[in-house]
Amino acid sequence: MKFLSLVTGTTNQIVTTAEAKTFLKVDNSADDSLIDRYILMASTYLEQYTNRSFLDSSWQLSLDESDVTGTSIELPRAPLSSVTSVSYFESDGTEQTFSTDNYTVDITQQPGRIFIAQGGSWPTDMRSNKAMLIEFVAGWGAAIADVDSFYKNMVQTAVLTLVGSMYDNRAGDQVEFATIPWTKPAEGLVQSIRVLTL
């Protein structure tokens, strides 16, 4: 079984509080904290929807022994920036580092992958559950200023659209995002950059 968990998220915003307030036509500070929460919620939702990290964040992928097969392993957050480490647990529970000499990293594919080195193989002595851990960084850059203008404009517009929808509907009952029709315009804006994972 594969399990992806966030190690370190970004501390930067996709859009600033001031940009969101301008979009919302809010000219006071009474709702600043609420708007900040909506920015975070909108960014997180759209990252999950697209299987992307918009800004650099660190992730850990846990794999069972049965998942470590074939010539490559897919890292299910795009765009892949780098692989920090690969480790595995032997059958007796001893953790070992899988040397960088044993694999190559392809950051050009989306999602990115690690490939076993030519003539090499994955570890053979591994426990069955949570056998391998891969830590990696995904994102377009540390801050929104680092992001290509094409993606920057698309993502910021989608986040602002969703923030606006949440702000306009803030008196409503809390429900799951997937059941809310007003997420569709924001989803539509980022549909073309949605990454399909295995």
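Everything discussed here concerns the structure shown above.
Residues numbered from 1 in each chain as written. Predicted model: local features only at pLDDT ≥ 70, side-chain atom pairs only at ≥ 80, totals over all residues. Heavy atoms only, no water.

> Whenever I open this one, the sheet that holds strand E6 (residues 103–106) confuses me. Can you help?
Whether parallel or antiparallel, the strands of a sheet pair through hydrogen bonds between backbone atoms. Strand order in the open sheet made by the three strands is E3-E7-E6, with antiparallel pairing throughout. For this open sheet the edge positions go to strand E3 (72–74) and E6, each flanked by a neighbour on one side alone. The average undirected angle you get between the axes of adjacent strands in this sheet is 20 degrees. (Pairing = 2+ DSSP bridges. Helix = DSSP H or I, 4+ residues; strand = E, 2+ residues; numbered from the N terminus. Axes fitted to C-alpha atoms, helices over the stretch in contact; angles between N-to-C directions.)

> Got a minute to help me understand the nonpolar core in this structure?
The tendency in soluble globular proteins is for nonpolar side chains to be buried as a group. Judged by nonpolar contacts, the single largest core of 30 residues is most densely connected at Ile14, Leu46 and Val159. Of all elements in the fold, only helix H1 (17–24), helix H2 (32–50), helix H3 (149–168) and helix H4 (184–190) reach the threshold of two or more residues within this core. Looking at this core element by element, the count peaks at nine residues for H3. Setting aside residues no more than four positions away along its own chain, isoleucine 14 makes contact with Ser43, Phe54, Leu55, Ile144, Val155, Gln156 and Val159. Grouped together as the second largest cluster of nonpolar side chains are 21 residues, Leu63, Val83, Val86 and Phe98 included. (Core = buried A, V, L, I, M, F, W, Y, C linked by side-chain atoms within 4.5 Å. Buried < 20%, exposed > 50% of the residue type's maximum accessible area, 1.4 Å probe, protein only. Contact = heavy atoms within 4.5 Å.)

> Hey, could you run me through the side chain of threonine 17 in this one?
Summarising the element assignment, threonine 17 is placed in helix H1. Within the structure, the side chain of threonine 17 is placed 2.4 Å from the side chain of aspartate 36, a separation counted as a polar contact. Threonine 17 has contacts with Asp32, Asp36 and Ile39, leaving out every residue within four places of it along the chain. (Polar contact = N/O pair within 3.5 Å; in protein donor to acceptor, adjacent residues only side chain to side chain.)

> Explanation requested: the pattern of salt bridges in the structure shown.
Opposite charge on two side chains lets them pair, provided their charged atoms get close. Inspection of every chain in the model, using the stated rule, returns three salt bridges. Ionic pairing is found between aspartate 32 and lysine 21, a salt bridge with its closest N-O pair at 3.0 Å. A residue pair is termed long-range when its members are at least 10 positions apart, and aspartate 32 in helix H2 and lysine 21 in helix H1 qualify at 11 residues. (Salt bridge = Lys/Arg side-chain N within 4 Å of Asp/Glu carboxyl O.)

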